[in-house]
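Observations on chain architecture
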Amino acid sequence: MTNSAAPVLYSFRRCPYAMRARLALMVSETRCQLREVKLSEKPAALIAASAKATVPVLVLPDGTVIDESIDVMRWALARNDPENWLNRDDPALIAANDRSFKHALDRYKYPDRHRSKPLEHRESGLEFLRELDARLATASQLCGADRGLADMAVFPFVRQFAAVDREWFNTLPLPHLQRWLAGHLTSDLFAAIMMRPKPWAEGDAPIWFAD
Ligand SMILES: N[C@@H](CCC(=O)N[C@@H](CS)C(=O)NCC(=O)O)C(=O)O
């Protein structure tokens, strides 16, 4: 891909949706221009590309806009899937993550914002984590021995849940999930997608991702 033909990725380093997109873009070696967004000061170019202005947004050289993280993952892996992540997909699990687990996560992590009772939501989030732990008791990753799309779509959200109260999380009787999470947190792939870009402004020199 030449520079001018590279997609543009609007991203936010700590956003779990943007993380899952970056994981797939990185593993598929999809070279992009990375535009780090401050959610409190969204660039006009992001809003022009996608009116809902969530991250991630990927703008392809032909102007196509992909503004759902799971679609960015699937697009990147359809282009190039060196680890066969698409063979280890689980749409029902990903939907449960994105709906009920994310709902519980937000209300556990941000009780003031949601006027929620955090411990009740921590308990419902835990139900999902127990399911993951049971699966991970029989295989090292969610769909078999190797990491795949299901793992990488879910892991950034489990990371966020675990980080709300790490001491409590470490005491949970979920050894398989804890092993799985630790493996992803210490992977070279995760380190590679967690670089610290400065927020993008119109006219900045490009920051290359997956280069
Ligand atoms: N369904 C979207 C959700 C993306 C999303 O909600 N991202 C959050 C950041 S983690 C966001 O951009 N929120 C907009 C805002 O805070 O204004 C996806 O999967 O890409």
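Nothing here was measured: the structure is a model prediction, and the numbers come from that model.

1. Some thoughts on the environment of alanine 162
Relative to the assigned elements, alanine 162 resides in helix 7 (residues 149-164). Residue class for alanine 162 comes out buried when judged on the 20 C-beta atoms lying within 10 Å of it. The residues touching alanine 162, leaving out its near neighbours within four places in the chain, are Phe169 and Leu181.

2. Description of the nonpolar core
Membership of the largest hydrophobic core comes to 54 residues, with the highest contact counts inside it found for Leu9, Ala24, Val72, Met73, Val154 and Val158. Taken domain by domain, the makeup of this core includes at least three residues from each of domain 1 (3-84 + 193-209) and domain 2 (87-190). Setting aside residues no more than four positions away along its own chain, leucine 9 makes contact with Leu25, Cys32, Gln33, Leu34, Arg35, Pro56, Leu58 and Phe209.

3. A few points about the pairing of strand 1 (residues 8-11)
Side chains of strand 1 alternate between two faces, with Val8 and Tyr10 and Leu9 and Ser11 buried alike. Two strands pair when backbone bridges link them, and strand 1 and strand 2 (residues 32-36) are joined in this way by 4 bridges, in the parallel orientation. Of the residues in strand 2, the one forming a bridge with leucine 9 is leucine 34. For the handedness criterion, the β-α-β arrangement of strand 1, helix 1 (residues 16-27) and strand 2 is classed as right-handed.

4. Describing helix 7
At phenylalanine 155, helix 7 shows its largest bend, some 35°, and a proline, proline 156, comes one to four positions later. The element helix 7 is largely enclosed, with a buried count of 12 among its 16 residues. For helix 7, every residue scored as buried is listed here: Leu149, Ala150, Asp151, Met152, Ala153, Val154, Phe155, Pro156, Phe157, Val158, Phe161 and Ala162. Packed against the buried residues of helix 7 are helix 1, helix 3 (69-79), helix 4 (91-109), helix 6 (118-136), helix 8 (166-171) and helix 9 (175-185).

5. Remarks on the environment of leucine 86
Considering the arrangement of structural elements, one finds leucine 86 in the loop between helix 3 and helix 4. A residue is classified by how many C-beta atoms lie within 10 Å of it, and leucine 86, with 14 of them, is partly exposed. Sequence-distant contacts of leucine 86, defined by excluding residues within four places in its chain, comprise Leu77, Asp81 and Leu149.

6. Notes on the packing of helix 7 against helix 9
In the contact formed by helix 7 and helix 9, the axes pass within 10 Å of each other and the chain directions differ by 105°. Looking at the two axes, helix 7 sits roughly perpendicular to helix 9. Within the contact between the two elements, helix 7 uses Phe155, Val158, Arg159 and Ala162 and helix 9 uses Leu181, His184 and Leu185. Residue composition of the contact of helix 7 with helix 9, by class: 5 nonpolar, 1 polar and 1 charged.

7. Some points on unusual backbone geometry
Note the cis peptide between valine 55 and proline 56, where omega equals 5°. Position of proline 56 relative to the elements: it lies in the loop between helix 2 (44-49) and strand 3 (57-59). Positive phi, normally seen in glycine, also occurs at alanine 53, with a value near 50°. By the secondary structure assignment, alanine 53 is in the loop between helix 2 and strand 3.

8. Remarks on the UniProt feature "domain: GST N-terminal" (unreviewed entry) in the protein
Taking the UniProt record as the reference, the feature "domain: GST N-terminal" (unreviewed entry) is found at residues 5-84. A distance of 25 Å separates the end C-alpha atoms of residues 5-84, which is 36% helix and 18% strand.

9. A few points about the site of the ligand
Around the ligand lies a shell formed by Phe12, Cys15, Tyr17, Leu39, Thr54, Val55, Pro56, Glu68, Ser69 and Ile70. Residues belonging to the shell around the ligand are distributed by class as follows: 7 nonpolar, 2 polar and 1 charged.

10. Brief notes about helix 1
For helix 1, built from 12 residues, the straight-helix expectation of 16 Å at 1.5 Å per residue is met to within 8% by its first-to-last C-alpha distance of 17 Å. Within helix 1, 11 of the 12 residues are buried, which leaves it mostly tucked inside the rest of the structure. Residues Pro16, Tyr17, Ala18, Met19, Arg20, Ala21, Arg22, Leu23, Ala24, Leu25 and Val27 constitute the buried set of helix 1. Contacts from the buried residues of helix 1 go to strand 1, strand 2, helix 3, helix 7, helix 10 (188-193) and strand 5 (207-209).

11. With respect to the packing of helix 1 against helix 7
For the pair helix 1 and helix 7, interaxial distance at closest approach is 8 Å and the crossing angle is 140°. As for the relative orientation of helix 1 and helix 7, their crossing is right-handed in sense. Residue-level contacts link Pro16, Met19, Arg20, Leu23 and Ala24 of helix 1 to Met152, Ala153, Pro156, Phe157 and Gln160 of helix 7. Within the contact of helix 1 with helix 7, the residues separate by chemical class into 8 nonpolar, 1 polar and 1 charged.

Rules of the game
Residues numbered from 1 in each chain as written. Predicted model: local features only at pLDDT ≥ 70, side-chain atom pairs only at ≥ 80, totals over all residues. Helix = DSSP H or I, 4+ residues; strand = E, 2+ residues; numbered from the N terminus. Buried ≥ 20, exposed ≤ 12 C-beta atoms within 10 Å, placed from the backbone. Contact = placed C-beta atoms within 7 Å. Core = buried A, V, L, I, M, F, W, Y, C linked by C-beta atoms within 7 Å. Domains from an automatic or database assignment. Pairing = 2+ DSSP bridges. Right-handed = clockwise from strand over helix to strand, strands pointing away. Bend = angle between axes of the 7 residues up to and from the residue. Axes fitted to C-alpha atoms, helices over the stretch in contact; angles between N-to-C directions. Parallel < 35°, antiparallel > 145°, perpendicular 65-115°, else oblique. Nonpolar A, V, L, I, M, F, W, Y, C, P; charged D, E, K, R; others polar. UniProt positions renumbered as here; feature names shortened; annotations may be inferred. Near = placed C-beta within 6 Å. Expected span 1.5 Å × (residues − 1). Left-handed = near helix turned anticlockwise from the far one by under 90°.

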